[in-house]
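If you want the building blocks of each chain, they are given just below.
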Amino acid sequence: MAAFLWVSCGGKVARLLLGRPPAPGAGVAFARGGWRCLHGTRELLGIPGIKVLMPALSPTMEEGNIVKWLKKEGETVSTGDALCEIETDKAVVTMESSEDGILAKILVQEGSKNVRLGSVIGLLVEEGQDWKQVEIPADGGAPSSAPPAPALTSSPAGPSVSAPPKLEHQPGKLPVRLSPAARIILETHGLDTTNLIPTGPRGIFTKEDALKLLQEKQKSKPTELKPVVSPAPPQPTAVPSQATAVPPAYPRPAVPPLSTPGQPAAPGTFTEIPASNIRRVIAKRLTESKTTIPHAYAAADCDIDAILRLRKELAKEDIKVSVNDFIIKATAVTLKQMPDVNATWNGEVCRQLHSIDVSIAVATDRGLITPIIKDAASKGIKEIAASAKALAKKARDGKLLPEEYQGGSFSISNLGMFGISDFTAVINPPQACILAVGRARAELKLVEDEEGNEKLEQRQLMTVTLSSDGRVVDDELASKFLTTLKANIENPIRLALC
């Protein structure tokens, strides 16, 4: 005898009804007034799953890409286990499980793009449950992606001319090939193109043909008056070929596709390259920075001869550090000496930060990212060099953790290794400043010897340019900062005193 179980939504009331056995396969499920009638066979019931949602792995993340699933369906998952790799707007981050159980269903497959935050990407069930019987939610497995780009519609048959008025030919009539000069003359003077007689090689309508047609039009003006239709742009007209003209063996368009100023680019003149999440966020933040932050700029030339000599001495002891490592240390020491610059702007208030965390710009295949050297003022040159090298490698491999690139109080961008003498950088909000570092260059400089005599010597100079937020760092403070930084760079022994 079959059993039917009536279960309330709250699970408080259950009534067992005995009746006639139903027809084979007549499992019943319906809803009425908040009650569900379920067949007594458990296998026909879906096991409710634990939803795995797309998390926010960075403060600016709005959507992400599923790079790789690290667990397979049916595998046991413990809290803290790596579930999948997600590409955020900053890097590729490993997502860890916050629940124990079994991965029952992967709803968003590897390679899925632009999955919105909060979307269900997978389902877990508790250990001991049949993971194959997990209930799939109605809205599961449907990642929210960006709308597809509209497909390019094919142009109508016949030769096309990009700039108006466009010349087309009627069915059954052979097209006339126009030289560029002839085409310009025809369109500029609005000549009648219904009876073109080409005389050029291979049936080309030449400049001379167009000039001849223009002369005929000017001669016929006193006697021939044709109705003029001016409000609408010239409509495409038929271009028949002369009966005696020999058509080319292989028909060609009148002109190749061209991009006309003020009009969308013609198909075939460009290639669209999809932007990664990182590049989209970079574009958005750069635009916001340049349009909302009052940038001010100041530059100074620093003599780095002392740093280069110190590097050689350290190299003899097998200590390898770069000029950029000294710049990071000198900047951190200067921020410690001038804490007013170690600040951020948060809407209506300026926040002076207690920790000096220097962000260094690293170029990757996916875009620019700024890993952070925490508490840089308290670290030595050797420790800063090791941290910068490790962070740069993780950035290029896409393995940075969120806490390794989120935050920071001051940024440094160095293009000296690319041969750039000087440049200005864009502030990374909410930070108030960014330092742009150029290459070292040999120049003659007037210096004083030990006896106080002036003489010309060749020195290695490097230009540093400070971009500052005028709401936090005014021009006077920026000038004092650069003066102090210049002194610290030119006298690296001062870096050991802080």
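All figures in this text were calculated on a predicted structure; none of them were measured in a lab.

Brief notes about the packing of helix H5 (residues 323-337) against helix H7 (residues 475-490)
Next up, step 1: Viewed as axis vectors pointing N to C, H5 and H7 meet at an angle of 135 degrees, and their least axial separation amounts to 9 Å. Between H5 and H7, the angle falls in the class oblique. Once H5 is placed against H7, the crossing between them reads as right-handed. Of the residues in H7, those touching H5 at Ile-327, Ala-330, Thr-331, Val-333, Thr-334, Leu-335 and Gln-337 are Phe-481, Thr-484, Leu-485, Asn-488 and Ile-489.
Next up, step 2: For the contact of H5 with H7, a count of residues per class yields 7 nonpolar, 5 polar and no charged.

Things to note about unusual backbone geometry
Next up, step 1: Between Pro-429 and the following residue, Pro-430, the backbone shows a cis peptide bond with an omega angle of 10 degrees.
Next up, step 2: By the secondary structure assignment, Pro-430 is in the loop between strand S22 (410-414) and strand S23 (433-448).
Next up, step 3: In this model, Asn-114 sits at a positive phi of 55 degrees, which is unusual for a non-glycine residue.
Next up, step 4: Relative to the helices and strands, Asn-114 resides in the loop between strand S10 (101-106) and strand S11 (115-116).
Next up, step 5: On the basis of relative accessible area, Asn-114 is assigned to the buried category, the value being 12%.

Some thoughts on the sheet that holds strand S8 (residues 82-87)
Sheets are built from strands paired through backbone hydrogen bonds, the pairs being either parallel or antiparallel.
Next up, step 1: Pairing is antiparallel in the open sheet, where 4 strands are placed in the order S9-S8-S6-S11. In this open sheet, the two edge strands, each paired with only one partner strand, are strand S9 (92-96) and S11.
Next up, step 2: Relative to S9, S8 is paired through 5 bridges, and the arrangement is antiparallel. Bridge pairing in S9 links Glu-85 to Thr-94.

Brief notes about the nonpolar core
Next up, step 1: Residues Ile-121, Val-341, Phe-410 and Leu-435 are the most contacted members of the largest nonpolar core, which totals 72 residues.
Next up, step 2: Look past the residues within four positions of Ile-121 in its chain and what remains in contact with it is Val-52, Leu-53, Met-54, Ile-66, Trp-69, Cys-84, Met-95, Ile-106, Leu-107, Val-108 and Val-115.
Next up, step 3: Val-176, Leu-186, Phe-205 and Leu-213 belong to the second largest nonpolar core, which has 11 residues in total.

A closer look at a nonpolar patch on the surface
Next up, step 1: Among the surface-exposed residues, Met-417, Phe-418 and Ile-420 lie close enough to one another that they form a single nonpolar patch of about 330 Å² accessible area.
Next up, step 2: Along the chain, the position of Ile-420 falls in the loop between S22 and S23.

Points about the pairing of strand S17 (residues 349-352)
Next up, step 1: In the sheet, strand S16 (residues 343-346) pairs with S17 via 4 bridges, with the strands oriented antiparallel. Counted as the bridge partner of Ala-343 is Gln-352 from S17.
Next up, step 2: Hairpin connection, S16 to S17: the antiparallel pair is bridged by 2 residues, and Gly-347 has positive phi, about 75 degrees.

Digging into the packing of aromatic side chains
Next up, step 1: The tally for this structure, following the rule as stated, stands at 1 aromatic pair.
Next up, step 2: Judged by centre distance (5.6 Å) and plane angle (35 degrees), the rings of Phe-410 and Phe-481 are tilted. Of this pair, Phe-410 sits in strand S22 while Phe-481 is found in helix H7, placing the two residues 71 residues apart along the sequence.
Next up, step 3: You can call Phe-410 buried: its relative accessible area is 0%.
Next up, step 4: A residue is classified by how much of its surface remains accessible, and Phe-481, at 0% relative accessible area, is buried.

Things to note about the confidence of the model for the protein
Low-pLDDT stretches of the model should not have their predicted coordinates read in fine detail.
Next up, step 1: With 74% of its residues at a pLDDT of at least 70, the protein reaches an overall mean of 78.
Next up, step 2: Across residues 143-166, where pLDDT falls below 50, the model places 38 contacts with residues more than four positions away in sequence or in other chains.

Side note on the environment of Asp-474
Next up, step 1: By secondary structure assignment, the location of Asp-474 is in the loop between strand S24 (454-469) and H7.
Next up, step 2: Residue class for Asp-474 comes out partly exposed when judged on its relative accessible area of 42%.
Next up, step 3: Considered as a pair, Asp-474 and Val-341 are 133 residues apart in the sequence and their alpha carbons are 9.7 Å apart.

What to know about the sheet that holds strand S21 (residues 372-373)
Next up, step 1: Reading across from one edge, S15-S24-S23-S22-S18-S21 is the order of the 6 strands in this open sheet, with mixed pairing throughout. Two strands in the sheet have a free side with no partner beyond their single neighbour: strand S15 (295-303) and S21.
Next up, step 2: Direction of pairing for strand S18 (residues 358-360) relative to S21: antiparallel, over a ladder of 2 bridges. When the sheet's bridge partners are listed, Ser-359 is paired in S21 with Ile-372.

With respect to the pattern of salt bridges
As a working rule, side chains carrying opposite charge can pair if their charged atoms are close by.
Next up, step 1: Per the counting criterion, the structure on display carries 18 salt bridges.
Next up, step 2: We note a salt bridge from Lys-455 to Glu-457, for which the minimum N-O separation is 3.2 Å.
Next up, step 3: Where Glu-457 meets Arg-459, a salt bridge forms, and the shortest distance between an N and an O atom there is 3.0 Å.
Next up, step 4: Using a relative accessible area of 24% as the deciding quantity, one classes Glu-457 as partly exposed.
Next up, step 5: Overlapping salt bridges, with partners in common, bring together Asp-303, Asp-305, Lys-445, Lys-455, Glu-457 and Arg-459 in one network.

About the criteria used
- Residues numbered from 1 in each chain as written.
- Predicted model: local features only at pLDDT ≥ 70, side-chain atom pairs only at ≥ 80, totals over all residues.
- Heavy atoms only, no water.
- Axes fitted to C-alpha atoms, helices over the stretch in contact; angles between N-to-C directions.
- Helix = DSSP H or I, 4+ residues; strand = E, 2+ residues; numbered from the N terminus.
- Parallel < 35°, antiparallel > 145°, perpendicular 65-115°, else oblique.
- Left-handed = near helix turned anticlockwise from the far one by under 90°.
- Contact = heavy atoms within 4.5 Å.
- Nonpolar A, V, L, I, M, F, W, Y, C, P; charged D, E, K, R; others polar.
- Buried < 20%, exposed > 50% of the residue type's maximum accessible area, 1.4 Å probe, protein only.
- Pairing = 2+ DSSP bridges.
- Core = buried A, V, L, I, M, F, W, Y, C linked by side-chain atoms within 4.5 Å.
- Patch = residues over 30% accessible without salt bridge, like charges linked within 9 Å, V, L, I, M, F, W, Y side chains within 5 Å.
- Areas by Shrake-Rupley, 256 points an atom, 1.4 Å probe, with all protein chains shown as cover.
- Salt bridge = Lys/Arg side-chain N within 4 Å of Asp/Glu carboxyl O.
- Phe/Tyr/Trp six-rings, centres within 6.5 Å; stacked < 30°, edge-to-face > 60°.
- pLDDT = per-residue confidence, 0-100.

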